[in-house]
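Report on the structure
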Amino acid sequence: MLTIAQTLDLQQDAAVHKATAVQSVGRFTVSAMFAGAYIGVGVVLMVCTAGPLIAAGDGMAKLVSGLVFGVALTIVVFAGGDLLTSAMMTLTQGALMRVVSWWRWALVLAATFVANLLGAVVFAGLVVVSGVLESNAPAGAMIADMLAAKAHETPAEMFVRGILCNVLVCLAIWMCARVKSEIAQIALIFAAILAFISSGFEHVVANMTTYSIGLFTGDPHATLGGMAVNLLCVGAGNLVGGGAVVGAGYWFLGGSPRVLPASVTALPGAAHAHD
């Protein structure tokens, strides 16, 4: 297993890659749309498997939800895709190490948000047209229940649940970076995602699919205003959890490294370090 310092070296390269990838607008957009759709796969898989258990009053529903949702992040990691929540950690570490400027940090996160949302909306539309949530009535009912619950969350609750969620999601990505075995990586992803889903925390990209399905089906608890507030509050919480807690936390534990000017790659907008 890599040390924290060695893992930060990998994260530095990953941050530069993400910051430069956005320059190829078309490829970056497709990559981030894929990630938004892949997380949507997890949402639909979760309601299709756990929904019938909830309808039957089976107490294993939350555990099953957590177990199956790990598929989504596994697909993102192994198939490839630019996901907002993990980028919050990686880009923050890159900015703290001064290989990515803070303005580019903001630009890439904003672009990833938009493209993830577009991918989630397209995927949600296809799911609704497919009729799978109508043929599996408990799955559709679970989506409705989730939207009703989100409608009663306060902004503070959304924000804090977002923090707790992305601590776990980014820990999954961070731990994956520390090990080389693909089997170990998958196990670590499923462990962290099990904790996040089963605990009821909030993931901004997952909510993009949930709200989009609600909007397409005319659910009374799914409104554009409600979706905007949720994505704003949960997204802000995700940023704190992924960027400030995990990203900055492990950067500090790794010795607060900063790249010297001569070591900085020729990245447009990259900040030069002055220790």
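Bear in mind the structure is a predicted one, so any value in this text is a computation, not a measurement.

Considering the overall build of the protein chain
- Assigned secondary structure in the protein chain consists of 11 helices and 0 strands.
- In sequence order, the protein chain lays out its α and β elements as α-α-α-α-α-α-α-α-α-α-α.
- The C-alpha atoms of the protein chain give a radius of gyration of 19 Å, which matches the 19 Å a tight globule of 275 residues would have.
- Each principal axis of the C-alpha distribution contributes one length, and for the protein chain these read about 60 × 35 × 35 Å.
- Within the protein chain, the fraction of its 275 residues that count as buried is 49%.
- In the protein chain, the share of contacts with a sequence separation of at least 24, taken over all contacts with a separation of at least 6, comes to 82%.
- With the model as given, the accessible surface of the protein chain reaches about 11,600 Å², and the carbon-plus-sulfur share is 71%.
- Averaging the positions of the 10 positive and the 12 negative side-chain charges in the protein chain gives two centres separated by 11 Å.

Section: the nonpolar core
- Counting residues in each nonpolar core, the largest one holds 69 residues, and the members touching the most others are Ile39, Met46, Val47, Phe69, Leu73, Ile193 and Phe196.
- When residues of this core are assigned to their parent elements, the largest contribution, 11 residues, is made by helix 8 (residues 155–178).
- Residues in contact with Phe69, not counting those within four places in the same chain, are Ile39, Gly42, Val43, Met46, Ile193, Phe196, Ile197 and Ala206.
- Formed by 6 residues, the second largest nonpolar core is a distinct cluster that contains Val16, Val99, Val100 and Val259.

What about unusual backbone geometry?
- With a phi angle near 65°, Arg98 is a residue other than glycine that sits in the positive phi range.
- Within the secondary structure, Arg98 sits in the loop between helix 4 (84–96) and helix 5 (102–130).
- Even without being glycine, Ser256 reaches a positive phi, approximately 50°.
- Positionally, Ser256 belongs in the segment after helix 11 (224–253).
- Classification of Ser256 by relative accessible area gives partly exposed; the value is 21%.

Points about the confidence of the model for the protein chain
- Overall, the predicted model of the protein chain reaches an average pLDDT of 93, with 94% of residues at or above 70.
- Note on residues 262–266: pLDDT under 50 across the span, and 6 contacts to partners over four residues away in sequence or across chains.

Observations concerning the pattern of salt bridges
- Throughout the structure, instances matching the rule amount to 3 salt bridges.
- The residue Asp82 makes a salt bridge to Lys18 at a minimum N-O spacing of 3.5 Å. Highlighted residues: Asp82 in the loop between helix 3 (61–79) and helix 4 and Lys18 in helix 1 (residues 4–21), separated in sequence by 64 residues.
- A relative accessible area of 11% means that Asp82 is categorised as buried.
- Given a relative accessible area of 13%, Lys18 falls into the buried group.
- Close ionic contact of Arg161 with Glu153 constitutes a salt bridge, the shortest N to O distance being 2.9 Å.
- Looking at Arg161, the relative accessible area reads 29%, which means it is partly exposed.
- The class of Glu153 is buried, set by a relative accessible area of 11%.

Basis of the calculations
- Residues numbered from 1 in each chain as written.
- Predicted model: local features only at pLDDT ≥ 70, side-chain atom pairs only at ≥ 80, totals over all residues.
- Heavy atoms only, no water.
- Helix = DSSP H or I, 4+ residues; strand = E, 2+ residues; numbered from the N terminus.
- Rg over C-alpha atoms; globule rule 2.2 N^0.38 Å.
- Buried < 20%, exposed > 50% of the residue type's maximum accessible area, 1.4 Å probe, protein only.
- Contact = heavy atoms within 4.5 Å.
- Areas by Shrake-Rupley, 256 points an atom, 1.4 Å probe, with all protein chains shown as cover.
- Lys, Arg positive; Asp, Glu negative; His and termini not counted.
- Charge placed at Lys NZ, Arg CZ, Asp CG, Glu CD.
- Core = buried A, V, L, I, M, F, W, Y, C linked by side-chain atoms within 4.5 Å.
- pLDDT = per-residue confidence, 0-100.
- Salt bridge = Lys/Arg side-chain N within 4 Å of Asp/Glu carboxyl O.

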